[in-house]
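Structure assessment
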Amino acid sequence: MTTRHIEFERLHNFRDLGGYRTAGGATVAWGALYRADSLGKLRGADWDRFLGLGIRTVIDLRYPWEIEAKGRIPEPERFTYANLSIEHRPYDQAEIDPDLDPWRFLADRFAEVAQDGVREIRAAIELLAEGPGPAVFHCTSGKDRTGLIAALVLTLLDVDEEQILADFALTELATVRLTADWHAANPGRTMRWPSYGRAPAQVLRLTLADLATRYGSVGAYLSEQVGVTPGTTARLRARLLN
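Our subject in this report is the structure included herewith. (Residues numbered from 1 in each chain as written. Predicted model: local features only at pLDDT ≥ 70, side-chain atom pairs only at ≥ 80, totals over all residues. Heavy atoms only, no water.)

1. A few points about the sheet that holds strand E3 (residues 57–60)
Quick reminder of the rule: What makes two strands pair is DSSP finding at least two bridges between them. A run of DSSP states H or I qualifies as a helix once it reaches four residues; a run of E qualifies as a strand once it reaches two. Both are numbered from the N-terminal end. Contacts were defined at the residue level, with two residues in contact if any of their heavy atoms lie within 4.5 Å. Comment: axis = line fitted to C-alpha atoms, over the contacting stretch for helices; angle = value between 0 and 180 degrees taken between N-to-C directions.
Taken together, five strands build an open sheet; the order of strands is E1-E2-E5-E3-E4 and the sheet is mixed. With one partner strand each, in any of the chains shown, strand E1 (15–16) and strand E4 (80–83) form the two edges of the open sheet. Here strand E2 (residues 33–36) runs beside strand E5 (residues 135–138); their pairing, made up of four bridges, is parallel. Residue pairing for E5: Ala36 is matched across the bridge by His138. Most of the contacts of helix H4 (residues 118–130) go to E3, to which it runs at about 170 degrees, and overall it touches E2, E3, E4 and E5.

As structure tokens, this is what we get:
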């Protein structure tokens, strides 16, 4: 039986994007595309398990300063590796005002990434279409930046919105461990925002609705704003669909 969640000791949110059905009746291939939290945490048995997946392309969506502080994947020279920081306006989720509507707040941050990061988003999608496979993309928690890229790639593969939202919400299974990691890394700090590490479908539902309202559809955003060409989409589908 194929497993969506790949179990690691130090990583909490590593998932196979296979198995989702497209409108045309195809299926996203298992073992071809993964999404993850920070691969800078890999070592020991986790590293051996990761290498066993045969991954050849690694896309790190974090800021360069995050990589400097937390480390990149071990031995990046083994892979086709790219650091494509899609977020341009940093914010600290632990410090979000608890009185705000948390899902609207996060959707607004997603909108900023969708607007600011078009060059890096296009480069990431092109690398997934054209680089050696299998591939993985990741940020710190594998939640927001990773979740947005996953949603955009699945949209290009013609997976319906309900499956895309369900995939996003699977991060909720990692929330407790992501929160525990934050506390371990920030002794003495108080987490102001009670929804840290959460990823309910509503965040992405709002984000996709915002893109459709602003650009006509998520597909139009990808083609007209991001600049994903029909050729890139065709290569992505040829690589990732069965």
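2. Structural notes on the packing of aromatic side chains
Stated precisely, the cut-off is as follows: The pairing test for Phe, Tyr and Trp rings, Trp by its six-membered ring, is centres within 6.5 Å, and the orientation test on the planes gives stacked under 30 degrees, edge-to-face over 60, and tilted for anything in between. Remark: exposure states derive from per-residue accessible area (1.4 Å probe, protein chains only) relative to the maximum for the residue type, with buried under 20%, exposed over 50%, and partly exposed in between. Lysine NZ or arginine CZ positioned within 6 Å of the ring centre and within 35 degrees of the ring normal marks a charge as sitting over the ring.
Under the criterion given, the structure shown has eleven aromatic pairs. Taking 5.9 Å as the distance between ring centres and 10 degrees as the angle between the ring planes, the aromatic pair formed by Trp47 and Phe50 counts as stacked. Of this pair, Trp47 and Phe50 both sit in helix H1 (residues 44–51), three residues apart, which is roughly one turn of that helix. What makes Phe50 buried here is its relative accessible area of 1%. What links up through ring pairs into an aromatic cluster is the set Phe8, Phe14, Tyr34, Trp47, Phe50 and Phe79. Sitting over the ring of Tyr20, Arg4 keeps its end group 4.1 Å from the ring centre. Its end group placed over the ring of Phe105, Arg109 keeps NZ or CZ at 4.4 Å from the ring centre.

3. Concerning the nonpolar core
Stated precisely, the cut-off is as follows: Throughout, nonpolar core names a set of buried Ala, Val, Leu, Ile, Met, Phe, Trp, Tyr and Cys residues whose side chains join them through atoms within 4.5 Å.
Phe137, Val153, Leu157, Tyr221 and Leu222 are the most contacted members of the largest nonpolar core, which has 62 residues in total. Secondary structure elements with two or more residues in this core: helix H3 (102–116), H4, E5, helix H5 (145–156), helix H6 (161–169), helix H8 (201–215), helix H9 (218–226) and helix H10 (230–240). No other element matches the eight residues that H5 contributes to this core. With residues near it in sequence (within four places) discarded, Leu157 still touches Thr22, Val28, Leu236, Arg237, Leu240 and Leu241. Membership of the second largest hydrophobic core comes to 17 residues, among which are Phe8, Phe50, Ile67 and Phe79.

4. Overview of empty space enclosed by the protein
Rules: A 1.4 Å probe that fits into a set of points on a 1 Å grid over the protein atoms alone but cannot get out defines a cavity; an open set with protein on both sides within 12 Å along at least five of seven lines defines a pocket, and lining residues are those with an atom within 4 Å of a point. Grid points are joined across faces, edges and corners, and a volume is the space filled by probe spheres set on the points. Throughout this entry, Asp, Glu, Lys and Arg are counted as charged residues, while Ala, Val, Leu, Ile, Met, Phe, Trp, Tyr, Cys and Pro are counted as nonpolar. The remaining residues, Gly among them, count as polar.
Across all of its chains, the model carries one cavity of 30 Å³ or more by this definition. Within this model, the largest cavity holds a volume of roughly 50 Å³. Glu87, Tyr91, Arg109, Phe110, Val113, Asp144, Arg145 and Leu148 together form the lining of the largest cavity. Residue assignment for the lining of the largest cavity shows that the elements contributing at least two residues are H3 and H5. Sorting elements by how many residues they give to the lining of the largest cavity places H3 first, with three residues. Tallied by class, the residues present in the lining of the largest cavity amount to four nonpolar, no polar and four charged.

5. Section: the side chain of Asp167
Take Asp167: it is sitting in helix H6. Taking relative accessible area as the criterion, Asp167 reaches 1% and is therefore assigned buried. Apart from residues lying up to four places away in sequence, Asp167 is in contact with Arg15, Leu17, Tyr20, Arg35, Ala150 and Leu154.

6. Topic: the pattern of salt bridges
Just so we agree on the cut-off: Should a side-chain nitrogen of Lys or Arg be within 4 Å of a carboxyl oxygen of Asp or Glu, the pair is scored as a salt bridge.
In total, this model carries 20 salt bridges according to the counting rule given. Measuring nitrogen to oxygen at the nearest pair gives 3.9 Å for the salt bridge that ties Asp181 to Lys41. Here the residue Asp181 occupies a position in helix H7 (residues 175–185), and Lys41 occupies one in the loop between E2 and H1, the gap between them amounting to 140 residues. Lys41 gets classed as buried once you look at its relative accessible area, which sits at 16%.

7. A closer look at the pairing of E2
Judged by which residues are buried, E2 turns out to be covered on both faces: Leu33 and Arg35 on one side and Tyr34 and Ala36 on the other are all buried. Sheet analysis places E1 next to E2, joined by two bridges and oriented antiparallel. Among the inter-strand pairings, Asp16 is bridged to a residue of E2, identified as Tyr34.

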